[in-house]
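A look at the structure
Letter by letter, the chains look like this.
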Amino acid sequence: QVQLVESGGGSVQAGGSLRLSCVVSGTTFTFRPSSLAWYRQAPGQQRELVARISSETNTNYVDSVKGRFTISRDNPKSTVALQMNSLKPEDTAVYYCNILTYYGNDYWGKGTLVTVSS
């Protein structure tokens, strides 16, 4: 059974930093070739892709976070992280970890809340 557990959310003032982490279990032999991502959903808005990292560690970001956020993965630990710097109030959202496995299966965490105050 694949499970994703996010941590690291919280409240921070604008300009501050947070580091989100997601531990993925149940993918002993499939984590390395999987694509990993962070999504977010603000109140009243649709969920959007924030950052993705491929199995070859190629990354892409939504324009609004480029230069401020960095996604990374640790294959031996089956984790994916999102370093968020220079946070803005518009970054306030629930952040979700996602894994798209080599076999095309899609799994989600329950989310962690990030609140940025001005």
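Here, the structure is the one placed above.
The paragraphs below set out a description of the structure included in this document. Because the structure is a prediction, the values reported are computed rather than measured. (Residues numbered from 1 in each chain as written. Predicted model: local features only at pLDDT ≥ 70, side-chain atom pairs only at ≥ 80, totals over all residues. Heavy atoms only, no water.)

Focus on the overall build of the chain
Of regular secondary structure, the chain possesses zero helices and eleven strands. Counting from the amino terminus, helix and strand elements in the chain follow one another as β-β-β-β-β-β-β-β-β-β-β. Counting only C-alpha atoms and orienting by the principal axes, one finds that the chain spans roughly 45 × 25 × 25 Å. The burial tally for the chain puts 43% of its 118 residues in the buried class. Each charge class in the chain can be summarised by its mean position, and for the 11 positive and 8 negative side chains these summaries are 4 Å apart. (Helix = DSSP H or I, 4+ residues; strand = E, 2+ residues; numbered from the N terminus. Buried < 20%, exposed > 50% of the residue type's maximum accessible area, 1.4 Å probe, protein only. Lys, Arg positive; Asp, Glu negative; His and termini not counted. Charge placed at Lys NZ, Arg CZ, Asp CG, Glu CD.)

Considerations on the pattern of salt bridges
Per the stated rule, a full pass over the model turns up four salt bridges. The salt bridge involving Arg40 is made with Glu48; its shortest N-O contact spans 2.7 Å. Put simply, Asp91 and Arg40 hold a salt bridge, and the shortest N to O gap is 3.0 Å. In this pair, Asp91 sits in the loop between strand E8 (79–84) and strand E9 (93–100) while Arg40 sits in strand E4 (residues 35–41), placing the two residues 51 residues apart along the sequence. Linked by salt bridges that have partners in common, Arg40, Glu48, Arg68 and Asp91 make up one network. (Salt bridge = Lys/Arg side-chain N within 4 Å of Asp/Glu carboxyl O.)

Description of the state of the cysteines
Overall, the coordinates contain one disulfide when judged by the stated rule. Here Cys22 pairs with Cys97 through a disulfide, and the sulfurs are 2.2 Å apart. On the sign convention where negative is left-handed, the bridge of Cys22 and Cys97, at about -90° about the S-S bond, is left-handed. Here the residue Cys22 occupies a position in strand E3 (residues 18–25), and Cys97 occupies one in strand E9, the gap between them amounting to 75 residues. (Disulfide = S-S within 2.5 Å.)

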